[in-house]
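Spelled out from the first residue to the last, the chains are:
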There are 4 protein chains.
Amino acid sequence: MKEIRIGLLGLGRIGRLHAANLAHSVPGARLVAAADPYLNEEGIAFGQSLGIQRMSRDEEDIFAASDIDAVFICSPTATHPDFICRAAAAGKHIFCEKPIGLELGEIDTALEAVEKAGVKLQLGFVRRFDRNHKKVRDVVASGRMGEPHLVKVCSRDPEQPPEDYVAVSGGIFVDMMIHDFDMARYLAGSEVLEVMAYGANKVDPFFAKYDDVDTAIVMLKFANGAIGVIDNSRAARYGYDQRVEVHCDKGCVQDGNERIDTSVISTAQGVLYEKPTWFFLERYNDAFISEAAAFVDAIQHDHKPPVDGQDGLMALLIAMAAKRSLEENSPVRISEIQG
Amino acid sequence: MKEIRIGLLGLGRIGRLHAANLAHSVPGARLVAAADPYLNEEGIAFGQSLGIQRMSRDEEDIFAASDIDAVFICSPTATHPDFICRAAAAGKHIFCEKPIGLELGEIDTALEAVEKAGVKLQLGFVRRFDRNHKKVRDVVASGRMGEPHLVKVCSRDPEQPPEDYVAVSGGIFVDMMIHDFDMARYLAGSEVLEVMAYGANKVDPFFAKYDDVDTAIVMLKFANGAIGVIDNSRAARYGYDQRVEVHCDKGCVQDGNERIDTSVISTAQGVLYEKPTWFFLERYNDAFISEAAAFVDAIQHDHKPPVDGQDGLMALLIAMAAKRSLEENSPVRISEIQG
Amino acid sequence: MKEIRIGLLGLGRIGRLHAANLAHSVPGARLVAAADPYLNEEGIAFGQSLGIQRMSRDEEDIFAASDIDAVFICSPTATHPDFICRAAAAGKHIFCEKPIGLELGEIDTALEAVEKAGVKLQLGFVRRFDRNHKKVRDVVASGRMGEPHLVKVCSRDPEQPPEDYVAVSGGIFVDMMIHDFDMARYLAGSEVLEVMAYGANKVDPFFAKYDDVDTAIVMLKFANGAIGVIDNSRAARYGYDQRVEVHCDKGCVQDGNERIDTSVISTAQGVLYEKPTWFFLERYNDAFISEAAAFVDAIQHDHKPPVDGQDGLMALLIAMAAKRSLEENSPVRISEIQG
Amino acid sequence: MKEIRIGLLGLGRIGRLHAANLAHSVPGARLVAAADPYLNEEGIAFGQSLGIQRMSRDEEDIFAASDIDAVFICSPTATHPDFICRAAAAGKHIFCEKPIGLELGEIDTALEAVEKAGVKLQLGFVRRFDRNHKKVRDVVASGRMGEPHLVKVCSRDPEQPPEDYVAVSGGIFVDMMIHDFDMARYLAGSEVLEVMAYGANKVDPFFAKYDDVDTAIVMLKFANGAIGVIDNSRAARYGYDQRVEVHCDKGCVQDGNERIDTSVISTAQGVLYEKPTWFFLERYNDAFISEAAAFVDAIQHDHKPPVDGQDGLMALLIAMAAKRSLEENSPVRISEIQG
C-alpha cells in the first residue's frame, strides 16, 4: 500500500498530538514536514524527536512541496478556510481540525475549492471514533432498536479554560458544544432542523465578560421527528464527563465514562470508584489514532472520508443557531442561519 | 401518640395502594372509612380484607364523620378542589393526590379554604420520599457540593397507558411530567421561572388524536440562576426509568435505577444485568409508605407537611407553561400563567 | 384458605423479627402465642404491640395448646432438638432457626420424631429466599448455563459480635459459615463430599481465646465434580458483604450487594457510591418474610417445605468437617463426620 | 539518556508482542537484533516491518554481539535457565518471560550466574504493571486500609488452549496460575508459606490425559498471617476474567474487569453490558509496555528491577507446591519444595 506523506500545519497542543500519532501509531502514514509561524528551538527538538525531516515557519513550504500527499491543518480556526483552499489548489488531501471556520462565506469558498480540486477533506470530529460512542451509534444505525425518539449528550470539561482562551474561543457553542452537535447528528442519523438554548454563568464570572456562558443546555429537533438535548459544563471537577444516550422504540442505548482504573475501595465511609479519565487526551487518545488512520485509509483506498466538509459546516450552523437562540431566547431554525 | 383516624376517598388503583399502606404499614394511622361512588361487592370485600369498618358510596359520609381526623383524596382530579374545600370546612387534615386540580381559580379557592380552616394539606408528590432521589436532594441541600448549576431528570414509563386513559389525562405535562417538575424544584431548591418544551409522537399514533405527545423534553430556568432539563417517554420498554442528576460547583450528584435483582450473567453474548423495577408500585412502594407516615407525623406533631398546597400549585403552573410552550414553540414564563 | 395459628418460642432478636413478620406481613399466618423463659414487662409490651394474645414464660404453654398449628423455634441452639421433639409429639408443624442443633445424636432423634409424627419441618436458611441469590441458583438450576464448575460464596459481617456472643457461638463455621455451606449446596445443586479450611485471627484477638478464628476460607468438593470456595470475615467494616458466583460451562452467574441507595457523588476526590446494606435485617428483610410465607404455604397446601431437616443436618455436618479440617490442617470428608 | 540496545530471543506470540512494543512504544529502547531457530521468510518480514536490523537463527548471534546491552528471553521455558546463564556471562541485562524455568537446580545456577555477573534480571510478571491490579496493591501497600486479612485472585482464560499446548504446558499451576501466585505475593506484601489445591476436569476431557486439571482453586497461607485463595478456569467463555481483591482491617480493595466498551443496551430482555476484554493481548497491552519501560529504566538508572529472579523462583515454588498438594490431597509447605 502506498505510504501517505503528510505535512502538518500548526504545532500547538492538538498539532503535536496528531504529529505524535502520525509518527508512531498510524499505519501507512509518514509525517515528513511541519510548519508553524512560531517555531522555536523547543519545537524543532520536538519535531526531531519524532523524526520529522523538514521543519519550517512558513506554511507555504508544506503547500509547495511536491512530495507531500496530504496536510493536517491544526492551526488556529481563522486560518482553516484559507489553508483548505491552498491545500486543495496544491492537490493535497486535507485533514482539518474542527471547527471548519467561523465565517460561512469563507467556508463555502473552501468547500468549493475542495470540490473542484477533487481532493479528500476530513473534519476532526474525533468523538465519532471513540469505541463507546461509535458502539451506541452502530447499534442505533443497525435498526435493531427501532426508530430513535430521544438523543441525549452530556459533555463536561474537567476545569474551565484560562480566561485568555475564552476571550478568543468564539463561545461555548462554537468552541465546545460543536463536538456534541456533530455527535447528535451522528447518533440520530438525521439532520438538526431547530435548536433552543439556555445558558448560565455558574463556573466563573469571567465568561460573562465575553458574552459567553459556562453552562448550557440545548434542545434539538431532528428531521426524522426525534428530539434531543445536550448539556455542557466548562467545569465538571471530577474529570471529563462524556456520555451519550439514544432512546428508541425498543429501549435505550447509552454509554458510560471510561475510568482511570477499575478499582473499588469499600470502607465505612462508602464505596469509592475512580473518576472518569481526566480530559480529551486521556479519553480520546485511541480515537485520535483511529481518526487519522481512517483518513489515511480513505486516501489509500480512494473512498469518502467518514467525516467530511458538509459535516463540518452543519455542526457550525447548529452552533451559530444555538448562539442566536441564547441571545434571542427563542428557538432558531438552522435554515435561518443558512439562508 | 394520638392515633390519626382516616377516611379515604376513591378506591381506584392509587386509592387502594394508600388504603393497604394505611391499614398495614403506617404507624399511628387508622383507616376507618372509605367512600367511592362506584363501590361494589368487590370493593366492599377489598375494604373488609383491610379491616375498614365503614364503606360507602357517598363521600359526605366521610366529611360528616366526627370521628375522622384526616382524609386521603384519591378520587379523579376534577374532584380535588371541591373535596379539599369540603374537608377543610369539616376541619379535617387533607392528603391529596397530584395534581391538586386542573383549574387555577378552583385551586385558589381550595387553598384559601385550607388556609382559613387551619388544617394541614399534603400533596402526593411521592418521589420526594424515594430514598435515592431524597439522598441526591439532601446532598445538594447540604451545600457540601456548592451551588447547583444543572438539574437533570429522566422519567420514562415502561409502556404507554391505554388510549382511553390518555384521552382524559390532561396531557403528558399535567399527567406525567408534573412529578418531574416537582422533583426539579425539590432538587434545585429554587423556583422555576421559565420553561421551553419540545415534544414528539414516536411511541403510538393515538397520542396525536388528543393533541398530546408521548415523548417530551422541557428546559427550565430557576430563580437561583441554574438551568435544568427533563425528558419523558411514555414507553421505556425496559421498565420504569427514574434518574436524577444535579451538577454543582464541586461535582455531580446523581442516582440510578433500582433493579429487579442484582444478578449478572456473563456469557459469550455479553454481560446481562436485570432491568429497572417495572413501574411505580415496585419502585416507589417504600416511598408511598414514607409519604403517608410523614403526613400522619405532621398531624401528630403539628408541623408543616413536607409537600404542601403551594407545591401542588407550582408544579401545575409549570406543567401549564410547558403545555403552552409546546403549542406556541416559544419559551413561557411561569408568571404568564399565574397572572 | 385455612389460617395457620402459630406459637413462637424465644423472643430474642431473631424471634422478634419473625414475630413482627408473622403479625404484619405473612398472609395466612396468625401469631397467637409466644413463650420465653426471660419474658418481662418489656417483652409483654412488645407482644401486645403485635396483638399476640397469649404470652408466657413456659414453652409448654405452646406445645400443649390445642389451637396452635405450628411453632417457630427461635430459642438458643441447644434447645432446638428437644423443642423439635416436643412440637412433633404434639403434632405441630415446625419452623426451626439454624443451626438445627449441635449434637448429631440429638439431631437424629429430632429428625426421627418429625418423621414419625408426619409434621413438616422447615429450617431457617433464609438466604435461599433472597431474590438475588435465588436468581443465581435458578439460572444455574435451569441448566441454560450448562454444568457448574466453580461455586464461590463471599460472606462478611459488618462488625465482629461481642466477646460474650463469640464465647458461646460454637465457632465461625457452625455460627456463621453454616449459612454459606447451605448456600453452596443450594447453588451447586449437589452434596458436599469434602472440605479443607484455612483460618486466621486478624479482626480481634479475643477470638483466639475461644479457639475460634475471625477470618476463614473453606474449599469444597461436590459430588457432581464441581469445586467451590467460601470466604468469611467477621468484620467487613463497609456493611454486610453477601455475594455468590457460579462459573459454568457457558459462563458465570453472580450477584452483587444491595446498596443503601443508588446515589453516586462525583468530585475531584473520586466517585462515591453507597455501601452495601448494613446487616441481615436490612439485607434479608424481604427474604425472612418469603421464608415464613413459604412455610405457611407448605402447611396450607400440604407440600414439602423448601428447606428441610436434612438440609439442616447437612449444613451442620459440613461445618463440623470444616472445624476439624482447621484443627488438623487436613482435608476432611463429610462421611468421616457422619460415620 | 543512554539508549538501551536490545536483542530478542524467540519470535513466537509473546516474543512478537515484546518486539512490537520495543520497536514502537518503549522510550529509550532500541531493538537491534532478534533470533529464533525457526526463523523463516515470514519472520524476517515481520522483523523488517519493525526495523530490526539483524535477524538470525542462532541465539549466539545475540549473546556474542558487543553492541547489545540487554536481551529479552521469549523462547520456550526449557531454554530459560541456559539463556540466562549465557546472557549473564556476556554481561547483558536480562528480561525473561515467566516461568523462570522448570528445574530448581538449573534455576539456582542461573540466578547465581546473574548474581556473579552483576547484571539485572527482570521476570515477566506483567500483571504487576496493570493499572488496576497495581492500584489495588498500592492502596494496600500504603497501609491506609490497615493489615491485609484475605487476598483473592480470580483468573479465567477465555477459551481452553489447544491440546498440543496443554500436553507440554507443565500443567495449570506452572503454566497459568503462576501469574496469580506472583499476584498474591504482590498484593499481600508477604511470602506464601503453604498451599492447598483442589482441581476439577470440567472444561474439556483432554486435560485429564496429561494429568492436568482445567479448573482449580488454591488456598494460601502468608507469612504475615493473612490467608488467600485463587481460582482459575481454562474457559470463562465471556472473555478474560481478571479480578483481585484484598480485604483489610478497614475494608476491602478490589478491581473489576476492563470491558470491550462502556455501552449499555436496555430492552425488555434486560440490560446488556459488554464483555471483559478478550484475552491478555487486549487486557494487558499497556502493562506489557510499562513492564518493558520499567526494565529499560532500571538499566538506565541502575536500580533494582521491580520483579526479579527471586520473584520468579518463588512463584515457581508455589506452583510446584500446588501441584504436589493436588496430587497428594494435602496441604504442602513451600519449604518442603525448596528443601
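Details of the confidence of the model for chain A
Then, in step 1: Here chain A shows a mean pLDDT of 97. Residues at 70 or above account for 100%.
Then, in step 2: For this predicted complex, the interface confidence comes out at an ipTM of 0.96, alongside a pTM of 0.96.

Comments concerning the nonpolar core
All names here are of chain A.
Then, in step 1: Within the largest apolar cluster, 82 residues are counted, with the highest numbers of intra-cluster contacts made by Ile84, Ile94, Leu121, Phe173, Phe181, Val195 and Leu220.
Then, in step 2: Here the element with the most residues in this core is helix α13 (residues 309–328); it accounts for 9 residues.
Then, in step 3: Leave out the neighbours within four places in its chain, and isoleucine 94 touches Val71, Ile73, Ile84, Ala87, Ala88, Val114, Val119, Lys120, Leu121, Gln122 and Phe295.

Considering helix α5 (residues 104–117) of chain C
Every α-helix winds through 3.6 residues per turn, so residues three or four apart in the chain are directed the same way.
All names here are of chain C.
Then, in step 1: Its 14 residues place the ends of α5 20 Å apart at the C-alpha level, agreeing with the 20 Å of an ideal helix rising 1.5 Å per residue.
Then, in step 2: Buried within α5 we find Ile107, Ala110, Leu111 and Val114. When α5 is viewed along its axis, its buried side chains cluster within an angular range of 95 degrees and face the same direction. In α5, those exposed residues whose orientation departs by more than 90 degrees from the buried face are Glu112 and Lys116.
Then, in step 3: On the buried face of α5, the contacting elements are α4 (80–89), β5 (93–96), β6 (121–123) and α13 (309–328).
Then, in step 4: Once α5 ends, the next one or two residues include glycine 118, with phi positive near 70 degrees.

Structural notes on the interface of chain A and chain B
Then, in step 1: Facing the 46 residues of chain A at the interface are 46 residues of chain B.
Then, in step 2: Taken together, the two surfaces of chain A and chain B that pack against each other cover about 3300 Å², and 61% of this comes from carbon and sulfur.
Then, in step 3: Looking only at chain A, the three residues that lose the most surface to chain B are Tyr198, Lys202 and Met219 of chain A, adding up to 23% of its buried area.
Then, in step 4: Run the count over chain A and chain B and you get 6 salt bridges.

Some points on the pattern of salt bridges
Then, in step 1: Evaluated as defined, the whole model comprises 137 salt bridges over all chains.
Then, in step 2: With its nearest N and O atoms 3.2 Å apart, the salt bridge here joins glutamate 194 of chain A to arginine 333 of chain A. One end of the pair, glutamate 194 of chain A, is in strand β8 (residues 192–200); the other, arginine 333 of chain A, is in strand β15 (residues 332–333), with 139 residues separating them in the sequence.
Then, in step 3: For glutamate 194 of chain A, a relative accessible area of 2% translates into the label buried.
Then, in step 4: Look at arginine 333 of chain A and you get partly exposed, because its relative accessible area is 35%.
Then, in step 5: One salt bridge in this structure joins aspartate 241 of chain B and arginine 243 of chain B, with 2.8 Å as the shortest N-O distance. The pair formed by aspartate 241 of chain B and arginine 243 of chain B is uniform in burial state, with each residue classed as buried.
Then, in step 6: Residues joined by salt bridges that share partners form a network here, namely Lys152 and Glu245 of chain A together with Arg156, Asp231, Asp241 and Arg243 of chain B.

About the criteria used
- Residues numbered from 1 in each chain as written.
- Chains lettered and ligands numbered in written order.
- Predicted model: local features only at pLDDT ≥ 70, side-chain atom pairs only at ≥ 80, totals over all residues.
- Heavy atoms only, no water.
- pLDDT = per-residue confidence, 0-100.
- Core = buried A, V, L, I, M, F, W, Y, C linked by side-chain atoms within 4.5 Å.
- Buried < 20%, exposed > 50% of the residue type's maximum accessible area, 1.4 Å probe, protein only.
- Helix = DSSP H or I, 4+ residues; strand = E, 2+ residues; numbered from the N terminus.
- Contact = heavy atoms within 4.5 Å.
- Expected span 1.5 Å × (residues − 1).
- Arc of directions from axis to C-beta.
- Buried area = accessible area lost by both parts, 1.4 Å probe.
- Salt bridge = Lys/Arg side-chain N within 4 Å of Asp/Glu carboxyl O.

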